[in-house]
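Now for the letters of each chain:
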Amino acid sequence: MRGGKNLEDTDRGRCVAPLAPQGTGLPDRLQALVLLSLLVMGEGRLPPLGPVARAGGGVAELLVADRG
């Protein structure tokens, strides 16, 4: 780690915790996770969310109504 190298914590030969030196940029860390097959980068943008429905009343009222 002192030399700027990455370290992998393994369990029975499978990487369970890739470690990178402090100060490594986010793009480099994400790419390291991709190379370890722990991350798949998405493509494009997510569609915008529609309006969120608001329920009336407080939490206790909602729980009572849900429980019947």
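**A word on unusual backbone geometry**
The phi torsion at Arg12 lies on the positive side, around 55°, for a residue other than glycine. Here Arg12 lies in the loop between strand S1 (7-11) and strand S2 (14-19). With a relative accessible area of 79%, Arg12 lands in the exposed category. The residue Ser37 is not glycine, and still its phi comes out positive at about 60°. Inspection of the secondary structure puts Ser37 in the loop between helix H1 (26-35) and helix H2 (59-67).

What counts, and where the lines are drawn
- Residues numbered from 1 in each chain as written.
- Predicted model: local features only at pLDDT ≥ 70, side-chain atom pairs only at ≥ 80, totals over all residues.
- Heavy atoms only, no water.
- Helix = DSSP H or I, 4+ residues; strand = E, 2+ residues; numbered from the N terminus.
- Buried < 20%, exposed > 50% of the residue type's maximum accessible area, 1.4 Å probe, protein only.

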